[in-house]
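Coordinates in review
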Amino acid sequence: MAALVYDVAVIGAGAAGMMAASVAGQRGLRVVLIDHATKLGEKIRISGGGRCNFTNVGTTPANYISKNPHFCRSALSGYTPQDFLRLLKDYGIAWHEKHKGQLFCDDSAEDIIQMLRQECEKGHVSWRMPCAVESIAKQGDDFSIRSNQGTITARQVVIATGGMAIPQLGATDFALKLARQFDLKVIEPRPALVPLQFDGGEWQPFAALSGLSAPVRLSVPAVAKPRMKFDEDLLFTHRGLSGPGILQISSYWDPGEALAIDLAPDVNMEKLLLDAKSGGKQQVGNLLGQYWPKRLVEHWLPANPTLPAGLLQQRVADVPDKVLKQLAASIHRWELAPSGTAGYKKAEVMRGGVDTAMLDQRSLQVRSVPGLYFIGEAVDVTGWLGGYNFQWAWASGVACGRALQPAA
Ligand SMILES: Cc1cc2nc3c(=O)[nH]c(=O)nc-3n(C[C@H](O)[C@H](O)[C@H](O)COP(=O)(O)OP(=O)(O)OC[C@H]3O[C@@H](n4cnc5c(N)ncnc54)[C@H](O)[C@@H]3O)c2cc1C
């Protein structure tokens with residue numbers, strides 16, 4: 001009896017892999033889905049605090065970072081947030097909108113995992129899990145996949161093994177190694193959507209602010225015309241800065257660069273301080289305390305070496321205009337240079353990945369290797385925080401699932 005040859009082997013049963021496998025399976029292709037994890041869909045399970053921020057209704061190509069910012073356009077327009085919502089409706093999964101178009105499950109991320117599993121069942125997808133892939137080689141027209149469960153043969157292979165974020169959950173650099181094996185260019189991978197850290201000595205005065213969160217405007221790099229700006233909350237930690245604003249800007253930060261933080265983006269501090277001079281006995285600290293959390297006033301001001309000591313306790317009326325202007329400028333422009341990121345262990349995603357120039361934008365097929373596809377986070381398309389990364393996983397998975405070739 002001839003050995004079974006699958007139409008498609010999908011490596012990685014995460015968000016993108018399950019989507020591609022189910023779409024191809026439902027088109028009648030014989031699909032095998034392989035994953036080395038013992039538990040299905042771990043990243044979906046932990047995402048969005050257990051409720052999975054599964055998409056963003058405002059998704060556009062501008063919400064993604066890539067060497068080619070137009071590459072994601074085709075897949076994103078072929079499968080939109082509304083398409084994913086229709087799928088949720090079929091399964092009776094309730095959801096709600098939070099901040100800035102972010103959609104979350106009402107109950108649990110587990111609902112999405114079970115939905116995708118059932119979609120795969122509908123497509124009669126075969127599962128190999130846990131199953132570790134050791135190597136993939138092209139043999140004639142087929143691909144030979146060596147695994148710890150023997151060799152699997154398929155006419156087409158989809159690499160959906162994601163990025164390197166959270167290795168403790170089984171993330172690997174498999175996709176990047178395989179890309180290099182097939183002589184494909186890889187855009188340097190880096191942790192993204194990740195907390196930023198500072199040298200211990202430099203950060204020590206701010207460590208007391210750990211746990212405090214404030215709405216700020218972040219820009220990078222700290223120059224007159226920054227590459228990117230975000231208005232979001234910032235969170236002080238023992239080692240540095242985190243919170244949604246920092247996660248967003250971290251994806252645009254390059255090592256060695258300084259960032260600029262406006263600690264009072266909606267207030268004209270200079271006017272406020274100068275106007276307050278006529279207000280009698282009010283101290284600088286008390287005035288700022290009307291706009292900032294008390295702890296921020298008490299620790300940030302004295303830790304700022306450019307400001308005169310004891311400024312907090314001085315009456316605004318007694319402080320020279322020049323110093324008040326300097327204080328306002330420091331509040332609106334706190335410049336600091338991170339020493340690094342908190343790394344893949346704390347990152348939500350990997351930036352970089354397989355160079356999109358290697359791939360066809362409609363199908364995600366490798367131009368130089370017919371039958372080989374890369375989808376999801378493994379590709380150099382990195383979304384902002386807020387549901388964009390899952391939307392890319394669904395959309396690239398569907399684009400590929402629709403393009404895979406049935407047996408002749
Ligand atoms: C803590 C956290 C929270 C997040 N929250 C959100 C959110 O709310 N919204 C959002 O849009 N994005 C979120 N993300 C990002 C999102 O989870 C990913 O971008 C998305 O899961 C990528 O999908 P993927 O299918 O490409 O990869 P993954 O979902 O990571 O799937 C890859 C699969 O490949 C398997 N695999 C890896 N290597 C191998 C190998 N060598 N052999 C076999 N199998 C392998 C893995 O076990 C995994 O099942 C979050 C990420 C993290 C870490």
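Below is a summary of the structure that appears in this document. Here the structure is a predicted model, which means the values were calculated and not measured. (Residues numbered from 1 in each chain as written. Predicted model: local features only at pLDDT ≥ 70, side-chain atom pairs only at ≥ 80, totals over all residues. Heavy atoms only, no water.)

Of the regular secondary structure elements, the protein holds 13 helices and 21 strands. Seen through its principal axes, the protein has C-alpha atoms that stretch 95 × 45 × 35 Å. In the protein, the share of contacts with a sequence separation of at least 24, taken over all contacts with a separation of at least 6, comes to 73%. (Helix = DSSP H or I, 4+ residues; strand = E, 2+ residues; numbered from the N terminus. Contact = heavy atoms within 4.5 Å.)

Our next topic: the environment of Lys185. Locating Lys185 in the fold gives a position in the loop between helix 6 (174-181) and strand 11 (186-192). Residues Lys185 and Thr356, spaced 171 residues apart in sequence, show a C-alpha to C-alpha distance of 8.7 Å. For Lys185, the contacting residues outside a window of four places in its chain are Lys67, Val354, Asp355 and Met358.

Counting 138 residues, the largest nonpolar core has Ile44, Phe374 and Trp394 as the members making the most contacts within it. The residues that make up this core include at least three from each of domain 1 (5-191 + 344-403) and domain 2 (196-341). What Trp394 contacts, discounting residues up to four positions off in sequence, is Ala15, Met19, Ile44, Phe54, Tyr79, Phe84, Ile112 and Leu116. Counting residues in hydrophobic clusters, the runner-up holds five residues, among them Leu193, Leu247, Val349 and Leu385. (Core = buried A, V, L, I, M, F, W, Y, C linked by side-chain atoms within 4.5 Å. Buried < 20%, exposed > 50% of the residue type's maximum accessible area, 1.4 Å probe, protein only. Domains from an automatic or database assignment.)

We now examine the site of the ligand. Around the ligand sit 30 residues, and of these Ala16, Asp35, Thr172, Glu377 and Phe390 come closest. In the model, an oxygen atom of the ligand is placed 3.2 Å from a nitrogen or oxygen of the Ala15 main chain. One nitrogen or oxygen atom from the main chain of Asn389 is found 3.3 Å from an oxygen atom belonging to the ligand. Coverage of the ligand by the protein amounts to 92% of the 990 Å² it exposes when considered alone. Listing elements by their share of the shell around the ligand, those giving two or more residues are helix 1 (15-26), helix 2 (42-46) and helix 13 (388-403). Among the elements that make up the shell around the ligand, the one with the highest residue count is helix 13 (four residues). (Near = heavy atom within 4 Å. Polar contact = N/O pair within 3.5 Å; in protein donor to acceptor, adjacent residues only side chain to side chain. Areas by Shrake-Rupley, 256 points an atom, 1.4 Å probe, with all protein chains shown as cover.)

Let us look at the side chain of Gln156. In this fold, Gln156 is placed in strand 10 (residues 150-159). Side-chain polar atoms of Gln156 contact the backbone oxygen of Gln405, separated by 2.8 Å. Here Gln156 is in contact with Asp7, Val8, Ala9, Leu29, Phe143, Gly371, Tyr373, Leu404 and Gln405, once residues within four sequence places are set aside.

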